[in-house]
Amino acid sequence: MNTGNIKQVQDIYESTPDFHALIDSVTYNDNWDTIVDGKTMYFWFENEKQIRTKYGVLSDVAEKQLAEKIQMPFRYFQKMKTENPSLFLQSLNSWAKNFPMGLGNKQYLVRSVITRYPNSIYTGNKVRAILSNRYRRIDNREVIYYMLPILIANGYEIKSAKMTNDELYIKAVDPKAEIDISKYKQDDLIQAGISISNNELGLGGLTITPFVYRLVCTNGMMLPEMLASFNQVHLGKPMGTTDTDRTLESFYDNNELFLKVDLFVKEEQIKSKAKLTKIKEVFADAKEKYITGSTYNQSLQDVLNKLNTLESSVSLTDDERISIEQHIQEENIRMEGHDTGYYNMFELVNGITSYAGSISDYSRSTELEKYAGKVLHLPTSAIEHKVLYNS
């Protein structure tokens, strides 16, 4: 498994002043009022007190969100900014002020960051995101604040954790919930766990997904198609209502939400023995589904190429397919004692997770762990027709 460190996640603490703002205008230089060289884009905001403030350079995510809000194709947005900054500024300001239901008449939640720490994941001050006024903050450090005590109290061990510019990941297992999945030999143990992810820039919600950890090779696989997941979108009440505005509340106030999370974790833990038995049966079935060999007239490369059409949520690159093929062969040697040239679905999905655990890109590694779970649960008819019989 690709491992990160929970201590490193906790150490990444940012000063993140969020505010509701009217998008008023965009300008380009350190004087904030005229274009000089077009090198650095700063954003003016008019906040609730009608005071214009400057909050640094727009991140890539914020630029995409701004382009979406003024209904400008992002490729054109980038082309103008790079090749004709004068036209870009003129167009952007015009749309910001005169857009139907004008941007200047609507409030947005602006997420910014002021970098103060040497180990920051950000460089310089940035506008991280421009979001709807209904956006509900469930922030990464809030997830850590609530989730660590829940995991520890329920006996989970954290195997991996990482925070990127966009996403928080925590993967934990219950060492008391394990089962042997070996076909002939003993001690091929898997443990039940959960994978937690959260995005605080409008690109995804808080998700808790069932997770299986294989001890012999420290591979992880997510199984959302097979087992229940917990999902909470970042959606709250709009500004201006008489109800409590949840978008700008202080951290650590989502008590009701995390009581539900705690209940979900406890219920999943109670079901873990039955879940593992079910997973063992699925793995046993996968070991009987051969995908290569003399009967099927296709190579591992053929199979991996076809997976891109069968399961389109992840597109494997050429380099990834080559590496995964090697990991499948290694899994075959682990299972059979030598490379038989006959590979099954179990070896296929474990080749994917083994490769996922070997790469440094944590987000891609997590994506491939989800992908392996989806490949495992491809409909039998589709697998037989499109993979096994090479049609």
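Q: Go over the overall build of the chain, please, and point to the residues and values.
A: Helix and strand content of the chain: 12 helices and 11 strands. For the chain, the residues scored as buried account for 52% of the 391 residues in total. By element, 49% of the accessible surface of the chain is carried by carbon and sulfur atoms, the whole surface being about 18,500 Å².

Q: Account for the packing of aromatic side chains, with residues named and values stated.
A: This structure, assessed with the given rule, holds 6 aromatic pairs. Taking the centre distance of 4.3 Å and the plane angle of 5 degrees together, the rings of Tyr 146 and Phe 258 count as stacked. Of this pair, Tyr 146 sits in helix H5 (residues 140-153) while Phe 258 sits in helix H6 (residues 255-270); the two residues are 112 residues apart in sequence, bridging distant segments of the chain. The buried category is assigned to Tyr 146, whose relative accessible area is 11%. Residue classification places Phe 258 among the buried positions, given a relative accessible area of 2%. A network of ring pairs unites the aromatic residues Tyr 145, Tyr 146 and Phe 258 as a single cluster.

Q: Help me get a handle on the packing of H5 against H6, residues and values and all.
A: Taken N-terminus to C-terminus, the directions of H5 and H6 make an angle of 35 degrees; their axes are 11 Å apart at the nearest point. When the axes of H5 and H6 are compared, the crossing they make is right-handed. Facing Glu 142, Val 143, Tyr 146, Met 147 and Ile 150 of H5, the residues of H6 in contact are Asn 255, Phe 258, Val 261, Asp 262 and Val 265. Among the residues forming the contact of H5 with H6, the class breakdown is 7 nonpolar, 1 polar and 2 charged.

Q: Can you tell me about the environment of Asn 133, naming the residues and giving the values?
A: Here Asn 133 is to be found in the loop between strand E5 (126-132) and H5. Residue class for Asn 133 comes out buried when judged on its relative accessible area of 19%. C-alpha separation for the pair Asn 133 and Leu 235, spaced 102 residues apart in sequence, amounts to 9.3 Å.

Q: Talk me through the nonpolar core; I want residue IDs and the actual numbers.
A: By size, the foremost hydrophobic cluster in this structure holds 38 residues, and its most contacted members are Leu 348, Leu 368 and Val 375. At the level of elements, strand E7 (167-180), strand E8 (189-199), helix H7 (272-287), helix H8 (300-310), helix H9 (318-336), helix H10 (345-358) and helix H11 (362-376) are the ones that each hand at least two residues to this core. If one sorts the elements of this core by residue count, H10 sits on top with 7 residues. Those residues within four positions of Val 375 in sequence are excluded, and the remaining contacts are Leu 307, Met 345, Leu 348, Val 349 and Ile 352. Among the nonpolar cores identified, the runner-up in size contains 24 residues, and Met 147, Leu 148, Phe 230 and Val 261 belong to it.

Q: Run through the pairing of strand E6 (residues 157-163), naming residues and quoting values.
A: A regular strand carries its side chains on alternate faces of the sheet. As paired elements, E6 and E7 share 6 bridges and run antiparallel to each other. The residue of E7 that forms the bridge with Ser 160 is Lys 171. Between the antiparallel neighbours E6 and E7 lie 3 residues.

Q: Outline H6, listing residues and values.
A: An α-helix turns once per 3.6 residues; consequently, residues spaced three or four apart project the same way. The end-to-end C-alpha separation of H6 is 23 Å, in line with the 22 Å expected for 16 residues at 1.5 Å each. Turning to H6, its buried residues are Leu 257, Phe 258, Val 261, Asp 262, Phe 264, Val 265, Glu 268 and Gln 269. The arc that holds every buried residue of H6, seen down its axis, measures 160 degrees, which confines them to one face. Turned more than 90 degrees off the buried face of H6, the exposed positions are Glu 256, Leu 259 and Ile 270. Contact partners of the buried residues in H6: H5, E7, E8, strand E9 (206-214), strand E11 (230-232) and H7.

Q: Break down the confidence of the model for the chain for me, citing the residues and quoting the values.
A: Atom-level detail of predicted coordinates should not be read off regions where pLDDT is low. Overall, the predicted model of the chain reaches an average pLDDT of 75, with 68% of residues at or above 70. For residues 240-247, every residue scores under 50 in pLDDT, and the model assigns this stretch 18 contacts once sequence neighbours within four places are set aside. For residues 383-391, every residue scores under 50 in pLDDT, and the model assigns this stretch 24 contacts once sequence neighbours within four places are set aside.

Q: How would you summarise the pattern of salt bridges if you had to cite specific residues and measurements?
A: Scanning the entire structure with this criterion turns up 16 salt bridges. One salt bridge in this structure joins Glu 200 and Arg 128, with 2.7 Å as the shortest N-O distance. Of this pair, Glu 200 sits in the loop between E8 and E9 while Arg 128 sits in strand E5, and the two are 72 residues apart along the sequence. Among the salt bridges present, the one from Glu 157 reaches Lys 159, with a minimum N-O distance of 3.9 Å. Put simply, Asp 188, Arg 214, Glu 331 and Arg 334 are held in one network by salt bridges that share partners.

Conventions we followed
- Residues numbered from 1 in each chain as written.
- Predicted model: local features only at pLDDT ≥ 70, side-chain atom pairs only at ≥ 80, totals over all residues.
- Heavy atoms only, no water.
- Helix = DSSP H or I, 4+ residues; strand = E, 2+ residues; numbered from the N terminus.
- Buried < 20%, exposed > 50% of the residue type's maximum accessible area, 1.4 Å probe, protein only.
- Areas by Shrake-Rupley, 256 points an atom, 1.4 Å probe, with all protein chains shown as cover.
- Phe/Tyr/Trp six-rings, centres within 6.5 Å; stacked < 30°, edge-to-face > 60°.
- Axes fitted to C-alpha atoms, helices over the stretch in contact; angles between N-to-C directions.
- Left-handed = near helix turned anticlockwise from the far one by under 90°.
- Contact = heavy atoms within 4.5 Å.
- Nonpolar A, V, L, I, M, F, W, Y, C, P; charged D, E, K, R; others polar.
- Core = buried A, V, L, I, M, F, W, Y, C linked by side-chain atoms within 4.5 Å.
- Pairing = 2+ DSSP bridges.
- Expected span 1.5 Å × (residues − 1).
- Arc of directions from axis to C-beta.
- pLDDT = per-residue confidence, 0-100.
- Salt bridge = Lys/Arg side-chain N within 4 Å of Asp/Glu carboxyl O.

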